[in-house]
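Descriptive analysis of the structure
Now for the letters of each chain:
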Amino acid sequence: MAYSDKVVDHYNNPRNVGTLDKSSQEVGTGLVGAPECGDVMRLQIKVNPETQVIEEAKFKTFGCGSAIASSSLATEWIKGRTVEDALAIKNTDIVKELSLPPVKIHCSVLAEDAIRAAIGDWKKKNGVAEMAAVETAK
Amino acid sequence: MLKVIESAVPVACWSCAVAHNEATLFCPHCSKIQPPLGGDFFSVFGLKPCLNLDLMGLEHEFHRLSRKLHPDRFARAGENEKQWSLADTALLNDAYRTLKDPIHRTEYLLKLHGAEIGEEHSGKDRQDPSRVPADLLEEVFDLNMQLEEMRAAKKIGEDDPALQASLEQAKTKFDGLLDEVDDELRVQWQAWDTGDAGIRAAAQKSMVALLDRRRYLNNLVRDVTETLGA
């Protein structure tokens, strides 16, 4: 099975590989894994407390090319978005962008899960239960 | 090919016309080879699907049937019989290879009963947390980091005894976890073999999750072994 050009590009030049300070209040960390293939993905975000904009996103993925490309693309997409906007990203968007074949769809699912987990961790840290509550508080 | 023969439908032998059980390679009356069964691997050995198998008995039966099906025995038989003996031999080999291995046997039986196993099916069952070994995630991630460090160190010809020791320790731990999974699988085998429909369904679900976990651990142990041995 051949990888699409976009997958190969992300695999060869992964964007935003790295680590953010896990203990920072502004950083949310998502760690997810696919039990079937052994892939593990860590995605971290740094959120501006004023604007709720994701200013920095880093990932580290151990897995196949599609998993690396999916998480690389995910960090690219969520950077500059607000937390709520980032939650709108669906795994199907990633599948489309990277032309993932059916057997690799779970890689995109993993990336979506990682985004959600990172945002969830950030929300928990910052006591954000519902964005609606924040909206009314403004 | 994946079909469970639940009840034996009597069919007439093509040669002697005496009715016999469908699930048999040879006519019990005239001993002539019968057309391929179209049954599952268990039925090749005259067994009902089960997980606790007498492996000695299976091997013995494999050799016995191999001899009976050997093409040399059909050198002077009719064209149909020759073809059947070849098809049955292939089926017998596949069946034996699958059933003698405990993990292959379990996977085969679960697939026979409609379970979806393997990488291509992951992600479909996101609602079921038992499929994700979340308890291991942190450790798995750290282990992968160490493996990467180790590979990098080996690449430039450096030794890192502390890292080496840490990886060996991790390997021992994950080997132990694999043994635990295998023990749990055997418990579920027993439940499946002896339980009613409800118990069977529960055992099937457990086994699918256990096999996922096993595959995951196996990949890790393989990676550690490769890196340490490289």
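Before reading further, recall that the structure is shown in the block above.
To keep things clear, this report deals only with the structure shown in the data block. Note that the structure is a prediction, hence the values are computed from the model and not measured.

Reading guide: rules and limits
Positions within a chain are numbered from 1, following the residues in the order the chain's sequence is written. For this description, chains carry letters from A and ligands carry numbers from 1, given in the order in which they are written. In view of the model being predicted, local features appear only for residues whose pLDDT reaches at least 70, and side-chain atom pairs are presented and counted only at 80 or more, with totals across whole chains, interfaces and linings using the full set of residues. Strands here mean DSSP runs of E at least two residues long; helices mean DSSP runs of H or I at least four residues long; both are numbered from the N terminus. A residue is called partly exposed when the number of other C-beta atoms within 10 Å of its own lies between 12 and 20, exposed at 12 or fewer, and buried at 20 or more, with C-beta atoms placed from the backbone. We call two residues in contact when their backbone-placed C-beta atoms lie within 7 Å. Every helix has an expected span of 1.5 Å times one less than the residues it contains. Arc, as used here, means the arc of the directions from the helix axis to the C-beta atoms. Throughout this description, the term nonpolar core refers to a group of buried Ala, Val, Leu, Ile, Met, Phe, Trp, Tyr and Cys residues whose C-beta atoms join them within 7 Å.

**Topic: the overall build of chain A**
- Along chain A, the regular secondary structure elements total six helices and three strands.
- Starting at the N terminus, the α and β elements of chain A follow one another as α-β-β-β-α-α-α-α-α.
- Taken over 138 residues, chain A has a buried fraction of 46%.
- Pairs at least 24 residues apart make up 65% of the contacts formed inside chain A by residues separated by at least 6 positions.

**Details of the environment of V44(B)**
- If you trace the backbone, V44(B) turns up in helix α1 (residues 41-44).
- Separated by eleven residues in the primary sequence, V44(B) and I33(B) have C-alpha atoms spaced 13 Å apart.

**Describing helix α3 (residues 79-100) of chain B**
Residue and element names in this part refer to chain B.
- Spanning 22 residues, α3 covers 32 Å between terminal C-alpha atoms, matching the ideal 32 Å at 1.5 Å per step.
- Residues of α3 that are buried include every one of W84, S85, D88, L91, L92, A95, Y96 and L99, and no others. Considered in projection along α3, the buried side chains sweep an arc of 140 degrees and stay on one side of the axis. For α3, the exposed residues set more than 90 degrees away from the buried face come down to E79, A90 and R97.
- Packed against the buried residues of α3 are α1, α2 (55-69) and α4 (102-112).

**What about unusual backbone geometry?**
Residues and elements named next belong to chain A.
- Here N16, not a glycine, exhibits a phi torsion of approximately 60 degrees, which is positive.
- In this structure, N16 sits in the loop between α1 (5-12) and β1 (27-33).
- Overall, the presence of 19 C-beta atoms within 10 Å leaves N16 in the partly exposed class.
- Positive phi values are uncommon outside glycine, yet Q52 reaches one of about 65 degrees.
- The residue Q52 is located in the loop between β2 (40-47) and β3 (54-62) in this model.

**Some points on the nonpolar core**
All names here are of chain A.
- Judged by nonpolar contacts, the single largest core of 72 residues is most densely connected at M41, I45, A74, L110, A111, A114 and I115.
- With ten residues, the top contributor of residues to this core is helix α5 (residues 105-125).
- Contact partners of L110, with chain neighbours within four places excluded, come to V32, A34, D39, M41, A67 and S70.

These figures come from the coordinates and say nothing about function on their own.
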